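# Fold and contact review
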Amino acid sequence: MPSKTNGEEFKEQLEDIIKCPICLDNFNEPRILPCSHTYCLQCIKDLAASNQGQFICPLRDGITISSTNIDSLPLNLAIRDIVDLVTKHADNRSAAPHPPSSVLPSVMTASTDSLRQQQTIKFVKVIDSYVAEHDDELTIQPGDLILLLERRPDQWCKGNLHGKIGLFPGNFVQDI
Ligand SMILES: [Zn+2]
Ligand SMILES: [Zn+2]
């Protein structure tokens, strides 16, 4: 594997920083929570809407925001400026480079934009613990909130837990 230049590594690190853990896209109107985590305004609202108006931080730090307080969450100016900078920089090039599709989970290789338009953001809550038996599985604990990416016919689901994407048994979770 060819070694990366400092510039490339720096750009990748920046792109990680400006990625919303909920929608996995660049932050859009990033709002900062009392727990210091940052999510897109719309992601916070969508999540609250799917949970009786209560936004629970997906990183399970006990932070809950009621939907009436979401609009008053402060904008994360630093993140917004970095998003601006990185996207402007990307616009100056031709097309943004995509990593090879083989390293990405299948849901990400399909046109992510069209997927996002069709799907609303959906989390499921873990009710029983499961320890991963294979590399492509998630270890889950009761109370974890998993961003649901795919329900498979064989009862397994694909989801994103704390930024890690993997499979978990669909009967170990419940809809929220
Ligand atoms: Zn948090
Ligand atoms: Zn988001």
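Residues numbered from 1 in each chain as written. Chains lettered and ligands numbered in written order. Predicted model: local features only at pLDDT ≥ 70, side-chain atom pairs only at ≥ 80, totals over all residues.

The Sequence similarities (unreviewed entry) field of the UniProt record for the protein holds the comment "Belongs to the SH3RF family." (UniProt positions renumbered as here; feature names shortened; annotations may be inferred.)

## What about the nonpolar core?
One broad trend across soluble globular proteins is that nonpolar side chains are buried collectively. Among the nonpolar cores identified, the biggest contains 28 residues, and Ile44, Leu47, Phe123, Ile140, Ile146, Leu148 and Phe168 are the most heavily contacted of them. Of all elements in the fold, only β2 (38-40), α2 (41-49), β5 (123-126), β6 (145-151), β7 (156-161) and β8 (164-169) reach the threshold of two or more residues within this core. Element by element, the count of residues in this core is highest for β6, at five residues. For this core, the two domains that each supply at least three residues are domain 1 (6-91) and domain 2 (103-175). Once residues within four sequence positions are removed from consideration, Ile146 is found in contact with Phe123, Val124, Val126, Ile140, Gly159, Asn160, Leu161, Phe168 and Val173. (Core = buried A, V, L, I, M, F, W, Y, C linked by C-beta atoms within 7 Å. Buried ≥ 20, exposed ≤ 12 C-beta atoms within 10 Å, placed from the backbone. Helix = DSSP H or I, 4+ residues; strand = E, 2+ residues; numbered from the N terminus. Domains from an automatic or database assignment. Contact = placed C-beta atoms within 7 Å.)

## A few points about helix α1 (residues 6-17)
For α1, spanning 12 residues, the distance from its first C-alpha to its last is 17 Å, which sits close to the expected 16 Å at 1.5 Å a residue. Burial of α1 is sparse: only zero of the 12 residues sit out of reach of the surface. (Expected span 1.5 Å × (residues − 1).)

## Digging into the sheet that holds β6
Pairing is antiparallel across the open sheet formed by five strands, whose spatial order is β8-β7-β6-β5-β9. Looking along the sheet, the strands with just one partner apiece sit at the ends: β8 and β9 (173-175). Across the sheet, the mean angle separating the axes of adjacent strands is 45° when strand polarity is ignored. (Pairing = 2+ DSSP bridges. Axes fitted to C-alpha atoms, helices over the stretch in contact; angles between N-to-C directions.)

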